[in-house]
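Descriptive structure summary
For reference, the chains in residue letters:
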Amino acid sequence: MKTRYILLSLFSLTTLFAFAQNSGVYLSASDFASGKLKYEINCSTEKHKIKLNEFLEKPYITVFHDNKSHELQKKEIFGYKDCNGSVYRFVEQHHYVVVNPTENILLYKHVIVASKNQQEAIHYFFSNGSAGNVQELTLTNLKSTFPENHKFHDALDSNFKSDGDLAEYDSFHKIYKVNRLYSGSL
């Protein structure tokens, strides 16, 4: 009985640590690529606040960490990760959701809510890796980002009828279609 209790306790601790979520700020694209967070916390045991200052359109975020306030210029940092596990990248004064942080071609979702009628407009963007420039997700932009990869160009043309289809997720292979086609073209 005692052995069973110990094993159950160890399993519970292992499960707790396996699902522990962290939050913090990625100072650079290389920090994002390596998973290195500044002002990092374990969300299950610590608290901090990342204030985006978007309402007043300020060019910086404010991080409250270890009882101190830190102001970081949006144009000088890559982005941040919240306690829900979502990752964001700063593009100019806005933050875009990184929908596929582990894939080669990063896809970003930017939601704009029209204040008048509360309708959402979702725009998709991409970059070639974390250090690449963020561009609108279009067939033309993808082809111009990979100008020599004609196999990728052909795969894009045969798999997507319009720009609006480019953000499709392949649930069977658990990867965004654009990245699956890109990997297959190498």
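See the structure printed just above.
Residues numbered from 1 in each chain as written. Predicted model: local features only at pLDDT ≥ 70, side-chain atom pairs only at ≥ 80, totals over all residues. Heavy atoms only, no water.

1. As for the packing of aromatic side chains
Where we set the bar: Any pair of Phe, Tyr and Trp rings, taking the six-membered ring for Trp, is counted once the centres come within 6.5 Å. Such a pair is stacked with planes under 30 degrees apart, edge-to-face with planes over 60 apart, and tilted for the rest. Relative accessibility under 20% of the residue-type maximum defines a buried residue, over 50% an exposed one, and the middle range a partly exposed one, all with a 1.4 Å probe and only protein chains included. To qualify as a helix, a DSSP run of H or I must reach at least 4 residues; to qualify as a strand, a run of E must reach at least 2; elements of each kind are numbered from the N terminus.
This model, assessed by the stated rule, comprises 10 aromatic pairs. Their ring planes at 15 degrees and their centres at 4.6 Å tell us that Tyr80 and Tyr88 sit as a pair that is stacked. Residue classification places Tyr80 among the buried residues on the basis of a relative accessible area of 7%. Pairing Tyr96 with Phe125 gives two aromatic rings, centres 4.9 Å apart and planes at 35 degrees, and the pair type is tilted. Residue Tyr96 is located in strand β8 (residues 94-98), and its partner Phe125 is located in strand β10 (residues 120-128); the two are separated by 29 residues in the primary sequence.

2. A word on the pattern of salt bridges
Note the threshold: The rule for a salt bridge is simple: a side-chain nitrogen of Lys or Arg has to be within 4 Å of a carboxyl oxygen of Asp or Glu.
All chains considered together, the criterion is met by three salt bridges. With a shortest N-O distance of 3.1 Å, Glu168 and Lys177 are connected by a salt bridge. Residue classification places Glu168 among the partly exposed residues on the basis of a relative accessible area of 32%. Classification of Lys177 as partly exposed rests on a relative accessible area of 26%. The shortest N-O distance in the salt bridge between Arg180 and Asp170 comes to 3.9 Å. Here Asp170 lies in strand β12 (residues 169-170) and Arg180 lies in helix α5 (residues 177-185), a separation of 10 residues in the sequence.

3. Points about a nonpolar patch on the surface
The following threshold applies: Exposure above 30% relative accessible area and the absence of a salt bridge qualify a residue for a patch, where like charges join within 9 Å and nonpolar side chains (Val, Leu, Ile, Met, Phe, Trp, Tyr) within 5 Å. The Shrake-Rupley method, run with a 1.4 Å probe sphere, supplies the accessible areas, and residue values consider only the shown protein chains as cover.
Taken together, the side chains of Val111, Val113, Ile122 and Tyr124 make up a nonpolar region of the molecular surface, amounting to roughly 300 Å² of accessible area. Those elements giving two or more residues to the nonpolar patch turn out to be β9 (105-113) and β10. In this structure, Val111 sits in strand β9. Given the relative accessible area of 35%, Val111 is considered partly exposed.

4. Considering the sheet that holds strand β3 (residues 49-51)
Either a parallel or an antiparallel arrangement is found when strands of a sheet pair, and the pairing is made through backbone hydrogen bonds. How we decide: Strands qualify as paired when DSSP identifies two bridges or more between them. Fitting a line to C-alpha atoms yields each axis, with helices limited to the stretch in contact; the angle taken between N-to-C directions then spans 0 to 180 degrees.
One open sheet accounts for three strands, arranged β3-β4-β5; its pairing is antiparallel. Both edges of this open sheet fall to β3 and β5 (68-73), since each of them pairs with a single strand only. Here the strands of the sheet are splayed against their neighbours by 20 degrees on average, with no regard to which way each runs. Here strand β4 (residues 60-65) runs beside β5; their pairing, made up of six bridges, is antiparallel. When the sheet's bridge partners are listed, Tyr60 is paired in β5 with Gln73.

5. Some points on the layout of surface pockets
Where empty space is left becomes clear once a probe the size of a water molecule has been rolled over the atoms. Stated precisely, the cut-off is as follows: Cavity and pocket criteria rest on a 1 Å grid covering protein atoms alone: a 1.4 Å probe that fits but cannot get out defines a cavity, protein on both sides within 12 Å along at least 5 of 7 lines defines an open pocket, and an atom within 4 Å of a point defines a lining residue. Grid points are joined across faces, edges and corners, and a volume is the space filled by probe spheres set on the points. Polar here means any residue other than Ala, Val, Leu, Ile, Met, Phe, Trp, Tyr, Cys and Pro, which are nonpolar, and Asp, Glu, Lys and Arg, which are charged; Gly is therefore polar.
Within this model, the largest pocket holds a volume of roughly 270 Å³. What lines the largest pocket is a set of 13 residues, and nearest its centre among them are Glu54, Gln93, His94, His95 and His110. At the level of secondary structure, the elements contributing two or more residues to the lining of the largest pocket comprise β8 and β9. No other element matches β9, which puts four residues into the lining of the largest pocket. Of the residues belonging to the lining of the largest pocket, the class tally is four nonpolar, four polar and five charged.

6. Comments concerning unusual backbone geometry
Residues other than glycine predominantly adopt negative phi, and peptide bonds predominantly adopt the trans conformation. The backbone of Asn67 shows a phi angle near 60 degrees, a positive value even though the residue is not glycine. Take Asn67: it is sitting in the loop between β4 and β5. The class for Asn67 is exposed, based on a relative accessible area of 86%. The phi dihedral of Glu92 is positive, around 55 degrees, even though this residue is not glycine. For Glu92, the position within the fold is in the loop between β7 (87-91) and β8. Of the residues examined, Glu92 reaches a relative accessible area of 66% and is grouped as exposed.

7. Quick notes on the side chain of Asn53
Condition: Residues adjacent in sequence count toward polar contacts only when both atoms are side-chain atoms; beyond that, a polar contact is any pair of N or O atoms within 3.5 Å, and within protein one must be able to donate a hydrogen and the other to accept it. The contact criterion used is simple: two residues touch if any of their non-hydrogen atoms lie within 4.5 Å.
Along the chain, Asn53 turns up in the loop between β3 and β4. A residue is classified by how much of its surface remains accessible, and Asn53, at 10% relative accessible area, is buried. One polar contact links Asn53 to Thr62, side chain to side chain, over a distance of 3.1 Å. Excluding residues that lie within four positions of it along the chain, Asn53 makes contacts with Lys58, Tyr60, Ile61, Thr62 and Lys74.

Such coordinate-based values are descriptive only and should not be taken to indicate function.
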